[in-house]
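# Inside the fold
The residues making up each chain are set out below.
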Amino acid sequence: MNAGPVDVLVAGGGGFIGGHLVADLLAQGKTVRSVDVKPLDEWYQVHPDAQNSVGDLSLLDQAEAATQGAREVYMLAADMGGMGFIENNKALCMLTVLTSTHMLQAAQKHDVERYFYSSSACVYAADKQTDPSVTALKESDAYPAMPEDGYGWEKLFSERMARHFREDFGLTTRMARYHNVYGPEGTWTGGREKAPAAVCRKIAEAVISGKHESGDLGRRRADPQTSCTSTTA
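Residues numbered from 1 in each chain as written. Predicted model: local features only at pLDDT ≥ 70, side-chain atom pairs only at ≥ 80, totals over all residues. Heavy atoms only, no water.

A separate point is the sheet that holds strand E3 (residues 51-54). Strand order across the open sheet formed by six strands is E3-E2-E1-E4-E5-E6, with parallel pairing between neighbours. The sheet is open, and its two borders are formed by E3 and strand E6 (173-178), each paired with just one other strand. The sheet shows a mean angle of 15 degrees between the axes of neighbouring strands, direction not considered. Bridge count between strand E5 (residues 114-120) and E6: six bridges; the pairing is parallel. Following the sheet pairing, Ser-118 is matched in E6 by Ala-176. Helix-sheet contacts for helix H2 (residues 60-67) involve strand E1 (6-11), strand E2 (32-36) and strand E4 (70-75), and the interaxial angle to E2 is about 160 degrees. Strands E1, E4, E5 and E6 of the sheet are contacted by helix H5 (residues 96-109), whose axis makes an angle of about 165 degrees with E5. (Pairing = 2+ DSSP bridges. Helix = DSSP H or I, 4+ residues; strand = E, 2+ residues; numbered from the N terminus. Axes fitted to C-alpha atoms, helices over the stretch in contact; angles between N-to-C directions. Contact = heavy atoms within 4.5 Å.)

Right under this line is the structure:
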């Protein structure tokens, strides 16, 4: 998998966000290694100027091979989707902890200079996200902890692990909590799409078919269980 030193490794580079990130890093003139578990023909974007590799980063040896020679790591790799997916695949989402753990270990082993962890608004308790006026969340609102069951717990635990790798081992780590990311090249159907893309699809389908589902959409929007990513059915 490893093909010499690079400025940046994007773990999960075959995903929606990862594909856009790789494009931006290349535009900045950086050398990029992009790794994803999916076959190349299933990547959202494949950039020929990057080192593109298929690898299972939940395995320590493959995480170490991908990380070797990288100055910086963007850890986006995760099994995730909209609320419809994560509510029905809690164990699968939590198994991402293997990838999160092994990537941190690999980054420490290879003296990575900077490590970014892609977290989620699902780390926040659902009762902090029920206000229809959308009360702004603070980073500290993740505690006392009661994140989204499954996916949110894995994200919050991996945040803590990245923090402790910084405190105990000196690995420079940073995190960001995404909330309903969408845009060009993104998933809009199939069960893993987020709320904005799902709503856009529903509106387009309603216009094309002449059938309107505003009542259904309204119920989903008011459902507190759709707070961190929202349903996609």
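Attention now goes to the packing of H5 against helix H6 (residues 151-169). One can describe the packing of H5 onto H6 by two numbers: an axis separation of 10 Å at closest approach and a directional angle of 15 degrees. If you check the angle between H5 and H6, you find them roughly parallel. Note on packing geometry: the crossing formed by H5 with H6 is right-handed. The segment H5 lies against H6, with Thr-96, Val-97, Ser-100, Thr-101, Leu-104, Gln-105 and Gln-108 engaging Glu-154, Phe-157, Ser-158, Met-161, Ala-162, Phe-165 and Phe-169. Across the contact of H5 with H6, the residue classes tally to seven nonpolar, six polar and one charged. (Parallel < 35°, antiparallel > 145°, perpendicular 65-115°, else oblique. Left-handed = near helix turned anticlockwise from the far one by under 90°. Nonpolar A, V, L, I, M, F, W, Y, C, P; charged D, E, K, R; others polar.)

The next thing to look at is the packing of aromatic side chains. For the structure on display, the rule yields three aromatic pairs. Seen from their ring centres, Phe-16 and Tyr-44 are 6.4 Å apart, and the 40 degrees between their planes marks the pair as tilted. Of this pair, Phe-16 sits in helix H1 (residues 16-27) while Tyr-44 sits in the loop between E2 and E3, and the two are 28 residues apart along the sequence. Here Tyr-74 and Phe-116 contribute two aromatic rings whose centre-to-centre distance is 5.7 Å and whose plane-to-plane angle is 45 degrees, an arrangement assigned as tilted. Of this pair, Tyr-74 sits in strand E4 while Phe-116 sits in strand E5, and the two are 42 residues apart along the sequence. On the basis of relative accessible area, Phe-116 is assigned to the buried category, the value being 17%. (Phe/Tyr/Trp six-rings, centres within 6.5 Å; stacked < 30°, edge-to-face > 60°. Buried < 20%, exposed > 50% of the residue type's maximum accessible area, 1.4 Å probe, protein only.)

With that settled, consider the pairing of E4. As paired elements, E1 and E4 share five bridges and run parallel to each other. Across the sheet, the residue bridging to Val-6 is Ala-70, located in E4. Judged from the four bridges that link them, E4 and E5 form a sheet pairing that is parallel. Looking at the pairing, Tyr-74 lines up with Phe-116 of E5.

Before going further, it helps to examine the nonpolar core. Ranked by size, the top nonpolar core spans 22 residues in total, and within it Leu-9, Leu-57, Met-75, Met-103, Leu-104, Tyr-115 and Leu-171 carry the most contacts. Elements represented by at least two residues in this core include exactly E1, H2, E4, H5, E5 and H6. Counting residues per element, this core draws most heavily on H5, at four residues. The contact partners of Leu-104, leaving out residues within four places of it in the chain, are Tyr-115, Met-161, Ala-162, Phe-165, Leu-171 and Thr-173. In terms of nonpolar packing, the next biggest core, distinct from the first, is built from 10 residues, Val-8, Val-22, Leu-26 and Val-32 among them. (Core = buried A, V, L, I, M, F, W, Y, C linked by side-chain atoms within 4.5 Å.)

This paragraph deals with H1. Taking 1.5 Å as the rise per residue, H1 with 12 residues should run 16 Å; its terminal C-alpha atoms sit 17 Å apart, in good agreement. Turning to H1, its buried residues are Phe-16, Gly-18, Gly-19, Leu-21, Val-22, Leu-25 and Leu-26. As for H1, its buried residues are in contact with E1, E2 and E4. Looking one or two places after H1, you find Gly-29, whose phi comes out positive at around 85 degrees. (Expected span 1.5 Å × (residues − 1).)

What follows is about H6. Look at H6: 26 Å from first C-alpha to last across 19 residues, which is about the 27 Å you get at 1.5 Å a residue. For H6, the set of buried residues is Tyr-151, Gly-152, Glu-154, Lys-155, Leu-156, Ser-158, Glu-159, Met-161, Ala-162 and Phe-165. Within two residues after H6, Gly-170 carries a phi angle of roughly 80 degrees, on the positive side.

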